[in-house]
Amino acid sequence: MRASWEPDVLGPRFERLTLPLEPDGEGEVVATLVRHEPNSALLAAIRRLPLRDVDVLYTHGWSDYFFQRELAEFFTSRGARFFALDLRKYGRSLRDHQTPGFAATLNDYDADIDAALREMKSGSRRVFLMGHSLGGLVFALWAHRHPGRVDALMLNSPWLETQGSTIARILVQPVFRAQALVNSKSNLPSVDFGYYSRSIDADRDGEWQFNHEWRPPRGFVARPAWG
């Protein structure tokens, strides 16, 4: 039976829709589409707003999920329809049997994006993709493989290069690939000391409230399959 929209954890005017995807080696796989409904005053004024013909699809970064209410409200206050995508094995889409954040290739996310765009039913509306960090890389690669499918690409701190330098990536990539042949899901050393999470977490030095299981302070464990 087809899933239906239901209330989201972000509260009033936020809804989520589970998007079934093809199973992988770990079993069931889903993505989750979140939407923000404008209030009645905005609906009455929408024909006069600058983004009235725009649909925005946002996706998150590594070890993350969508929780930024204010971002949704920013776009809907200007007339856009706002959607956010929790990719497979992240946030709302993470299931107990899954390795958090794991994908054998970034191309796997094409199915997540395509499913979200189908549900958005944008028609003649303009479509803007907005990606943060890893989401920026995922959207940039998808847009490159699917020219003409969207009207704008907005990248917020996109993860277009590894930490360090191009030389560092060239040196470590063969090591990761060799380890992936032995055990693609073995643990790699963490390079995240939790400083960024501390800077945004309202329980510490930041201003955001979020689920610490869906967004752990030091991130998910990295795997050599991604090398």
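Here, every reference points to the structure presented above.
Small disclaimer: the values here were computed from a predicted structure and weren't measured. (Residues numbered from 1 in each chain as written. Predicted model: local features only at pLDDT ≥ 70, side-chain atom pairs only at ≥ 80, totals over all residues. Heavy atoms only, no water.)

Undergrad: Even after reading the chapter, I still don't get the packing of aromatic side chains, so can you show me in this structure?
TA: Here the distance between the centres and the angle between the planes together describe a pair of aromatic rings. According to the stated counting rule, one finds 11 aromatic pairs in the structure shown. For the ring pair Phe 74 and Phe 75, a centre distance of 5.2 Å and an interplane angle of 90° mean the geometry is edge-to-face. Above the face of the Trp 5 ring, Arg 35 is positioned so that its terminal group lies 3.9 Å from the ring centre. When the ring centre of Phe 210 is taken as origin, the NZ or CZ atom of Arg 215, which lies over that ring, is 5.5 Å away. (Phe/Tyr/Trp six-rings, centres within 6.5 Å; stacked < 30°, edge-to-face > 60°. Lys NZ or Arg CZ within 6 Å of the ring centre and 35° of its normal.)

Undergrad: Explain the sheet that holds strand β3 (residues 27-36) to me, please; I cannot follow it from the model alone.
TA: For sheets, the rule is that strands pair by backbone hydrogen bonds, running either parallel or antiparallel. Taken together, the 7 strands give an open sheet; going across it, the order is β1-β2-β3-β5-β4-β6-β7, and neighbouring strands pair in mixed fashion. Every interior strand has two partners, whereas the edge strands, β1 (6-7) and β7 (152-156), have only one. The pairing of β1 with strand β2 (residues 14-24) spans 2 bridges and is classified as antiparallel. The partner of Glu 6 across the bridge, within β2, is Arg 16. Helix-sheet contacts for helix α2 (residues 69-76) involve β2, β3, β4 (54-59), β5 (81-86), β6 (126-132) and β7, and the interaxial angle to β5 is about 150°. The strands touched by helix α4 (residues 134-145) are β4, β6 and β7; relative to β6, the strand with the most contacts, the crossing angle is about 140°. (Pairing = 2+ DSSP bridges. Helix = DSSP H or I, 4+ residues; strand = E, 2+ residues; numbered from the N terminus. Contact = heavy atoms within 4.5 Å. Axes fitted to C-alpha atoms, helices over the stretch in contact; angles between N-to-C directions.)

Undergrad: Looking at this structure, I do not really get the layout of surface pockets. What am I missing?
TA: Volume-wise, the second largest pocket comes out at about 250 Å³. As for the second largest pocket, its lining consists of 18 residues, of which Arg 35, His 36, Glu 37, Arg 81 and Phe 83 are closest to the centre. Among the elements of the structure, β3, β5 and α3 (109-120) are those that each provide at least two residues to the lining of the second largest pocket. Top contributing element to the lining of the second largest pocket by residue count: β5, with 3 residues. In terms of residue class, the lining of the second largest pocket is made up of 8 nonpolar, 4 polar and 6 charged. (1 Å grid on protein atoms, 1.4 Å probe; cavity = no way out; pocket = protein on both sides within 12 Å on 5 of 7 lines; lining within 4 Å. Points joined across faces, edges and corners; volume = space filled by probe spheres on them. Nonpolar A, V, L, I, M, F, W, Y, C, P; charged D, E, K, R; others polar.)

Undergrad: So what exactly am I meant to see when it comes to the pattern of salt bridges here?
TA: Inspection of every chain in the model, using the stated rule, returns 17 salt bridges. The salt bridge involving Arg 35 is made with Glu 15; its shortest N-O contact spans 2.7 Å. Remark: Glu 15 occurs in strand β2 and Arg 35 occurs in strand β3; sequence separation between them is 20 residues. As a salt-bridge pair, Arg 149 and Asp 114 come within 3.8 Å of each other at their nearest N and O atoms. Pair noted here: Arg 149 is in the loop between α4 and β7 and Asp 114 is in helix α3, with a separation of 35 residues, a long-range link. One salt-bridge network, in which partners are shared between bridges, spans Glu 6, Asp 8, Arg 16, Asp 86 and Arg 92. (Salt bridge = Lys/Arg side-chain N within 4 Å of Asp/Glu carboxyl O.)

Undergrad: Could you clarify how one ought to interpret unusual backbone geometry in this entry?
TA: Among all residues except glycine, the phi angle is most often negative; among peptide bonds, the trans geometry is most common. Phi is positive for Arg 13, which is not a glycine, with a value near 70°. Within the secondary structure, Arg 13 is located in the loop between β1 and β2. Here the phi dihedral of Lys 121 falls at roughly 50°; this positive angle occurs in a residue that is not glycine. Along the chain, the position of Lys 121 falls in the loop between α3 and β6.

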